[in-house]
Amino acid sequence: MCFVSRSLVWLFWSLLASVTVLQVKRINPTSGEHSAIIPRNETRCTPFICSKFLEQWKKLYIAQKEILLLISQHTSPSMLQQNNAPKHFDLYNYFIDICLFQLMNLENIRSKAHNWKMQESMMKYVRKVIHRNQNPKNCRNIEVIAYDPKSICGFGCQIHHLAYCLMVALGEGKPLVVKTSPWNEFGSIFDVIMPLSQTCHYGMIKTNHLKVKYIEVEDEFPKKEILPRAFRKYMMEKIEEFHTDPFLWYISQIIIYIMRLRPNTWKIIQPMKLKSPIVGVHVRRTDYMLTEAKSYPIEEYMKYVQLYFRKHETTSKISTKSVYLATDDQQIIAEFRNK
């Protein structure tokens with residue numbers, strides 16, 4: 001067996017042993033603990049233990065994932081095949097299946113050490129903070145953060161800019177008001193999404209004598225302590241009890257607030273009811289290929305789609321495999337169906 005395969009074997013079994021120990025600690029409680037299945041809205045761990053567990057879990061999960069990617073991307077069946085091994089013994093796919101099985105185990109362990117109560121509490125708290133910040137009772141003689149979009153870009157780009165501005169506004173504790181400038185075929189992006197405030201809007205800067213601090217997404221805001229990825233420490237400590245990336249969770253709450261679609265938008269997009277498991281794939285082509293990225297073949301995307309379903313099939317059968325494809329190139333749809 002070559003050096004690469006020996007290294008992989010050593011890494012794999014070392015990691016397998018550590019995961020097994022972790023599982024035993026979680027599954028076999030001490031004599032003083034209750035051995036019943038943990039309900040979704042309860043947790044055994046204290047805040048400190050939850051955060052420390054998730055910290056170690058994240059390291060373990062990433063390491064396992066890296067081993068999987070190393071095997072699938074940089075090795076081949078011939079590299080992991082001994083000369084005297086039986087022909088039917090496929091060590092390459094065996095390692096991949098074991099890695100996927102361990103990832104599934106880790107995900108199951110993760111769900112059992114999740115502080116659901118804290119998550120629900122923080123969701124309510126953060127959404128209340130955003131709503132209160134954006135909807136002062138009296139929008140008169142107060143200071144606001146104002147944003148005047150200067151560039152017309154795509155939907156994702158616009159949402160990104162609004163999220164940046166809203167995060168700064170929350171850090172300042174001032175409402176964000178946005179000028180309704182034309183956007184593509186719409187009067188503004190707020191023809192698609194709900195306004196960010198029900199009580200304050202950009203036109204009130206003059207009519208209600210508002211003090212204003214303008215923000216430019218292209219420029220550096222003077223207060224660096226409130227720029228992404230910065231947010232309140234006490235919030236981070238709470239989020240660490242149920243999420244391995246506190247900022248990612250926090251910014252997702254801001255995006256959820258911004259992405260409140262208007263009723264007519266819901267009618268147009270007609271949300272589909274999709275069965276789990278489903279893989280979402282985004283293939284960006286057209287103008288994106290000119291300056292920002294390079295094109296990848298469909299096989300590159302499908303490799304990870306297949307690994308995802310293969311992971312789930314280590315523990316259960318999948319009757320229907322679904323892929324949700326988002327793309328700006330219609331030719332991609334036919335290619336995906338053929339794969």
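Every value quoted in this text rests on a predicted model; they were computed, and no experiment measured them.

### Quick notes on the pattern of salt bridges
Okay, step 1: Summed over all chains, the structure comprises nine salt bridges.
Okay, step 2: Of the charged contacts in the structure, one is a salt bridge between E300 and K303, with a shortest N-O distance of 3.8 Å. Separated by three residues within a single helix, E300 and K303 lie in helix α11 (residues 298-312), roughly one turn from each other.
Okay, step 3: If you follow the salt bridges from partner to partner, you end up with E172, K174 and K213 in one network.

### Quick notes on the packing of α11 against helix α12 (residues 331-338)
Okay, step 1: The contact between α11 and α12 brings their axes to 11 Å, and the two run at 50 degrees. Considering the angle they form, α11 stands oblique to α12. By crossing handedness, the relation of α11 to α12 is classed as right-handed. Of the residues in α12, those touching α11 at I298, Y301 and M302 are I332, E335 and F336.
Okay, step 2: Counted by class, the contact of α11 with α12 contains five nonpolar, no polar and one charged residues.

### Section: the sheet that holds strand β1 (residues 143-147)
Okay, step 1: Spatially, the three strands line up as an open sheet ordered β2-β1-β3, and their pairing is parallel. Each edge of the sheet is formed by a strand with only one pairing partner; in this case those strands are β2 (176-178) and β3 (211-215). Averaged over all pairs of adjacent strands, the angle between their axes in this sheet comes to 35 degrees, without regard to strand direction.
Okay, step 2: Sheet topology places β1 next to β3; five bridges connect them, and they run parallel. Each bridged residue has a counterpart across the sheet, and for Y147 the counterpart in β3 is I215.

Reading the values: rules and limits
- Residues numbered from 1 in each chain as written.
- Predicted model: local features only at pLDDT ≥ 70, side-chain atom pairs only at ≥ 80, totals over all residues.
- Heavy atoms only, no water.
- Salt bridge = Lys/Arg side-chain N within 4 Å of Asp/Glu carboxyl O.
- Helix = DSSP H or I, 4+ residues; strand = E, 2+ residues; numbered from the N terminus.
- Axes fitted to C-alpha atoms, helices over the stretch in contact; angles between N-to-C directions.
- Parallel < 35°, antiparallel > 145°, perpendicular 65-115°, else oblique.
- Left-handed = near helix turned anticlockwise from the far one by under 90°.
- Contact = heavy atoms within 4.5 Å.
- Nonpolar A, V, L, I, M, F, W, Y, C, P; charged D, E, K, R; others polar.
- Pairing = 2+ DSSP bridges.

These figures capture arrangement, not role.
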